[in-house]
Amino acid sequence: MNRFKTSKFKNTTPKVAKKDGWINNVHAGSFSCQGNHIKASSKLVAFNSDQAGGGMVGVTSVNPSDGQWTVTQISCHSDLVTDMDFSPFDESLLATCSGDATVKLWRLCDPEQQQPSSPELTLQPGQGRLELVHFHPTSSGILVVATAKSPLIWDTSRQEVPLAALEQHSDQLQSLSWKQDGSLLASSSKDKMLRVFDPRAQLTPVQSAKSLQSNKDSRILWAKDDLLLTTGFDTMRTREVRLWDSRKLSSSVSLLSLGTSSGMLVPLLDDDTGLLMLAGIGDTAVDCFEVSTSEPFLTQVSHCLTDTSTRGIATVPKLALDVISCEVVRVLQLTDSCIVPISYQVPRKNSGHEFHDDLYPDTVGTTPAMSAEEWWQGGNKQVDKVSLHPDKRPKPAAKQTSVKKELPRGGSKEDQPRGCSTSSSPLSTPSSTAAPSRSPSSTSGLSSGFLPSPSQSVKAIQNMMGPTSKFRHIQGAVMHRDKHITNIRNLNLTTPGECDGFCVNRQRVAVPLAISGGQIAVFERSGPGRQPDTALPTIQNSVNVADLSWDPFDTHRLIVAGDDAKIRVWQVPEGGLKETLTEPKLVLQGHTEKIYSIRFHPLASGVLVSSSYDLTVRLWNLESGEQVKVLTGHQDQVFGMAWSPDGKLLATVCKDGKVRIYDPRKSTTPVQEGPGPEGHRGARVVWVCDGKYLLVSGFDSRSERGLYLFSADSLSSGPVANAALNVSPSTLIPFYDPDTSVVILTGKGDTRVYIYEVVPEDPYFIECSSFNSPEPHKGLAFLPKTECNVRDVEIAVGLMLTKTTIEPVAFRVPRVKKEFFQDDVYPDTAVWWEPALTASAWLSGSNGQHKKLSLKPKDMTPVSEAPKEAPVRKYLPSSVYLEEKTDEQKKDELLSAMVAKLGNMDDPLPQESFEGVDDEEWDD
């Protein structure tokens, strides 16, 4: 900018959005990493969230359609997300890097839609914590990733090794920036060095100099032409901005001091206008400067004060700006609890009515100039520029549905939710993603000119889309408030991870309380409503509750395991607790350490199994009150236990990384053993698919929650299938419905309930719609199948425990003909609340099975026997429309229509029906 020439941007004015225009429900927090904490595409905004240890990223919209912002969370990594970047060629593609040493690429959906649970691509450089990630500005599929001391250039289509590992810095790498033409890469480091790399020519810098004054945080950006811009600190800890000639880094061409402060200055440059935004982390101000290639290099334009301190800052791409209002830059300020949009507008006379060409030169488009391979081979093509004029902008290309590719992780790609991009690979050039044209003769089923049969169509669709579940659209809903138990006080929220948090049966609910003496409240399901503020009668267990369970065959008997290695048997009187119980009916002693968990036998009455810190699993006969077996073989904490459906075998999952199966009546050592989940946070196990498989919920080595399916006949061969879910500290507690093969999972403190159908063949896990509770719940326990309302097609009913309430939740399958009994959803169910044999009979070697019960009401007809309805033609046959009519026919039709409209001339007129006036009335 010439010193004698006035800049058109000198009067650019910042306009901070009003509070009703802020994006709320943001939990940003403060993190120690090199990223800017927030990034924006022309459609979406992604930002760091303090949830799950910083491993989650928040997602919202740039311009919401209804004026209200929706904020959603996506679990990205098992450690802090250190940096993120949107692809310049795909507004929905986000790259994230983390302290867990991985880079992941996510195809995000609209915030109103369910976000993906797994990334499209995962890179594992294997060099420890990653600090920075940036997309290449001109070619698709190229990323630069910063480890602690070295930049790595990756081609995402070749995931195994990077294209180049540039020379290591001698200290912490603090910032990276691609030149606008994509030829050079600049870096700043804690060793005070500035470096410029040409990654395609050599691994060492083409220019370098010890130029920075301090080893505190610094940032680097490419400015116009060959200028580099850095922010950092001088020797007196004063914040400064410097401009450098990249061909001579020994001295700066311009210096600007901005006062003393501890917060790092984050620079953001708009290449089209030369406007530079500066915001200090922790500051409440955003400064705007204009950058020029000649004196004066830096000219201040504005100083904007904000209400809250800055945690991160980002600019919105030019294609998302309101150009009619002369908006030239939009800044998004990330604070602790919200995102504040700041619009920079140039005052113009006809602002809001016309487009001002002089403010908006053509800007970089969204189509990559070349592929990764072309760039790596030396190509220097530039991205085509596009006009910002509303009438000249390129129309978005019609989306093509491309063939699904196998994910790098080997799993099948889930159906994209509505609102997600349907592109199969965001990492290739447009030419490579275009679907090949297909002639009619090459299309299966259409070569003869006839449509395929319905069965062929269904099979073809299934082959393309993969298997589907009749429960795919299952809906969870909290029942009416008049069925809630409310005003629960002193709830114990710190029960061990092996405990479900509370337990239920058809008649009552038992909830541990955070009151000394290990007290347990018992609520009758027949008396919902608000509980009194006064103290309730309780069970005084005398020690803290480790686990508790109702006897499945006696709704009055409650078994409680305590911290003192004892198991107490309590008998709740008919009608519920009327007074405090202090003496148990029976005390079982045998364990030498605190007990983990207890489980009842599914068929035999009075058979109980318990696990303990003494690394043993013990069987008890409640009829005699004696210990009958001690199972050994565990090397560490037992996370979970489960009886097989026939009651013959017992499965355990252990912290030592093993899954074991015991036959307790024949041996005290495991009959099978195999590798389990690698994580050590916790796990649960349940038998599925008629006892042929074991389903284990646990954690992988990166603390990501997942599901693992084992064949019960070959544990040693490892899981036959697994599904990664998300990152969260709580263990997923599974409930399995053997009638539908649907498993419902959630963790204590979660808001989301996952639902899968488990099938004994590939793909094994079929994901169904999930249920989200309005607030984090403390547990979810399920009732017998007889509690389901089959008229509403309920397949499961559970009770959800919150901080102060117990709320029933029904899981329903949407059906059209609800007047019929859905016998495909309701096979005869096992009467598991009645014992099949006694404890002594089972221990002596006898086996049994439950009786079956039909859930069909007498007044309902099975849907399989419903009368077949004749199809109703919605439209007239095409022959009616295509039939050629003569002129005479057309004339007759027209006359008939006109006569019908005029009506019959013989009909009396309306006034003829009116009553006349009597003669004497005229005299008045």
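Residues numbered from 1 in each chain as written. Predicted model: local features only at pLDDT ≥ 70, side-chain atom pairs only at ≥ 80, totals over all residues. Heavy atoms only, no water.

**So, the side chain of Asn487**
At step 1: Considering the arrangement of structural elements, one finds Asn487 in the loop between strand 32 (485-486) and strand 33 (503-504).
At step 2: With relative accessibility at 15%, the residue Asn487 sits in the buried group.
At step 3: A distance of 2.8 Å separates the side chain of Asn487 from the side chain of Asp533, its partner in a polar contact.
At step 4: In contact with Asn487, other than residues within four places in its own chain, are Arg530, Gln531, Pro532, Asp533 and Thr804. (Helix = DSSP H or I, 4+ residues; strand = E, 2+ residues; numbered from the N terminus. Buried < 20%, exposed > 50% of the residue type's maximum accessible area, 1.4 Å probe, protein only. Polar contact = N/O pair within 3.5 Å; in protein donor to acceptor, adjacent residues only side chain to side chain. Contact = heavy atoms within 4.5 Å.)

**Concerning the nonpolar core**
At step 1: Leu275, Met277, Val328, Tyr344 and Tyr360 are the most contacted members of the largest nonpolar core, which has 26 residues in total.
At step 2: Secondary-structure elements contributing two or more residues to this core are strand 22 (265-269), strand 23 (275-280), strand 24 (285-291), strand 25 (298-305), strand 27 (327-334) and strand 28 (339-345).
At step 3: In this view, Met277 contacts Val266, Pro267, Leu268, Asp287, Cys288, Val329, Val331 and Tyr344; residues no more than four positions away in its chain are not counted.
At step 4: Counting residues in hydrophobic clusters, the runner-up holds 23 residues, among them Phe471, Val793, Val825 and Tyr826. (Core = buried A, V, L, I, M, F, W, Y, C linked by side-chain atoms within 4.5 Å.)

**Let's talk about the sheet that holds strand 16 (residues 193-197)**
At step 1: The sheet built from four strands is open, its strands ordered 14-15-16-17 with antiparallel pairing. Strands at the two margins of the open sheet, each flanked by one partner only, are strand 14 (173-178) and strand 17 (207-210). Averaged over all pairs of adjacent strands, the angle between their axes in this sheet comes to 10°, without regard to strand direction. (Pairing = 2+ DSSP bridges. Axes fitted to C-alpha atoms, helices over the stretch in contact; angles between N-to-C directions.)

**Observations concerning the confidence of the model for the protein chain**
At step 1: A residue-level look at the protein chain finds 87% of positions with pLDDT of 70 or above and a mean pLDDT of 84.
At step 2: Helix 2 (residues 430-433) is the least confidently modelled element of the protein chain, averaging 36 in pLDDT, while strand 51 (residues 684-688) averages 95, the highest of any element.
At step 3: In the model, residues 397-419 has pLDDT below 50 throughout and makes 46 contacts with residues more than four positions away in sequence or in other chains.
At step 4: Segment residues 421-465: pLDDT under 50, and 52 contacts once partners within four positions in sequence are set aside and those in other chains are kept. (pLDDT = per-residue confidence, 0-100.)

**A closer look at the side chain of Glu757**
At step 1: With respect to the helices and strands, Glu757 occurs in strand 57 (residues 752-758).
At step 2: Lys470 is the oppositely charged side chain nearest to the buried, salt-bridge-free Glu757, at an N-O distance of 6.6 Å.
At step 3: At a separation of 2.3 Å, a polar atom in the side chain of Glu757 contacts the side chain of Ser469.
At step 4: Once residues lying within four places of it in the same chain are set aside, the contact partners of Glu757 are Ser469, Lys470, Phe471, Thr740, Ser741, Val742, Tyr764, Phe765, Ile766 and Cys768. (Lys, Arg positive; Asp, Glu negative; His and termini not counted. Salt bridge = Lys/Arg side-chain N within 4 Å of Asp/Glu carboxyl O.)

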